[in-house]
Amino acid sequence: MYIVLESALGMICDAPEAYLGQPGFESLKRVPATWDETRVIVAVPGKYITIARRKGFDWYIGAITNSEGRNLTLI
């Protein structure tokens with residue numbers, strides 16, 4: 001969600017200290033706060049979105065869906 005949503009503030013509901021030692025925290029710390037480029041790969045409003053964002057030379061891919069499970073293939 002940190003990659004898909006424009007602002008991550010709505011997803012943080014604890015103090016940063018609450019995330020220490022939790023799985024995925026190191027990855028979360030590496031997600032940039034600003035982006036150089038954004039591309040929507042595929043999206044259907046109200047159903048799903050897959051988005052790619054670039055910071056420098058690194059690309060990040062994020063996807064979210066509604067309550068329906070989905071498969072995604074990236075080439």
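Below, the structure is looked at part by part.

Reading the values: the criteria
Residues numbered from 1 in each chain as written. Predicted model: local features only at pLDDT ≥ 70, side-chain atom pairs only at ≥ 80, totals over all residues. Heavy atoms only, no water. Pairing = 2+ DSSP bridges. Helix = DSSP H or I, 4+ residues; strand = E, 2+ residues; numbered from the N terminus. Buried < 20%, exposed > 50% of the residue type's maximum accessible area, 1.4 Å probe, protein only. Axes fitted to C-alpha atoms, helices over the stretch in contact; angles between N-to-C directions. Polar contact = N/O pair within 3.5 Å; in protein donor to acceptor, adjacent residues only side chain to side chain. Contact = heavy atoms within 4.5 Å. Patch = residues over 30% accessible without salt bridge, like charges linked within 9 Å, V, L, I, M, F, W, Y side chains within 5 Å. Areas by Shrake-Rupley, 256 points an atom, 1.4 Å probe, with all protein chains shown as cover. Salt bridge = Lys/Arg side-chain N within 4 Å of Asp/Glu carboxyl O. Phe/Tyr/Trp six-rings, centres within 6.5 Å; stacked < 30°, edge-to-face > 60°.

Brief notes about the pairing of strand β2 (residues 48–55)
Note: strand β1 (residues 37–44) against β2, seven bridges, orientation antiparallel. Considered in β2, the bridge of valine 40 is made with isoleucine 51. A loop of three residues connects β1 with β2, the two strands running antiparallel in sequence, and glycine 46 in this loop sits at a positive phi of about 80°. Sheet topology note: the β2/strand β3 (residues 58–65) ladder contains eight bridges and is antiparallel. Looking at β3, one finds that tyrosine 48 is bridged to threonine 65.

Some points on the environment of threonine 73
Mapped onto the elements of the fold, threonine 73 is located in the segment after β3. In this structure threonine 73 comes out as exposed when scored by relative accessible area, which is 67%. It is 35 Å that separates the C-alpha atoms of threonine 73 and glutamate 17, two residues lying 56 residues apart in sequence.

Describing the sheet that holds β1
Strand order in the open sheet made by the three strands is β1-β2-β3, with antiparallel pairing throughout. Sheet topology places β1 and β3 at the edges, where each strand pairs with a single neighbour. Within this sheet the neighbouring strands show an average axis-to-axis angle of 15°, counted without direction.

Brief notes about the side chain of arginine 53
Locating arginine 53 in the fold gives a position in strand β2. There is a polar contact of 2.5 Å between the side chain of arginine 53 and the backbone oxygen of isoleucine 3. Separated by 3.0 Å, the side chain of arginine 53 and the backbone oxygen of valine 4 make a polar contact. If near-sequence neighbours (up to four positions away) are discounted, arginine 53 is found in contact with Ile3, Val4, Leu5, Glu6, Trp35, Glu37, Thr38, Asp58, Trp59 and Tyr60.

Structural notes on a nonpolar patch on the surface
The grouping of Ile41, Val42, Ile61, Leu72 and Leu74 at the surface amounts to a nonpolar patch, some 410 Å² of accessible area in total. Turning to its location among the elements, valine 42 is positioned in strand β1.

Quick word on the packing of aromatic side chains
Per the counting criterion, the structure on display carries two aromatic pairs. Pairing tyrosine 19 with phenylalanine 25 gives two aromatic rings, centres 6.3 Å apart and planes at 10°, and the pair type is stacked. Between tryptophan 35 and tyrosine 60 the ring centres are 5.3 Å apart and the planes differ by 70°, which places this aromatic pair in the edge-to-face class. Of this pair, tryptophan 35 sits in the loop between α1 (25–30) and β1 while tyrosine 60 is found in strand β3, placing the two residues 25 residues apart along the sequence. Relative accessible area serves as the criterion here: at 19%, tryptophan 35 is assigned to the buried category. We classify tyrosine 60 as partly exposed; its relative accessible area is 21%.

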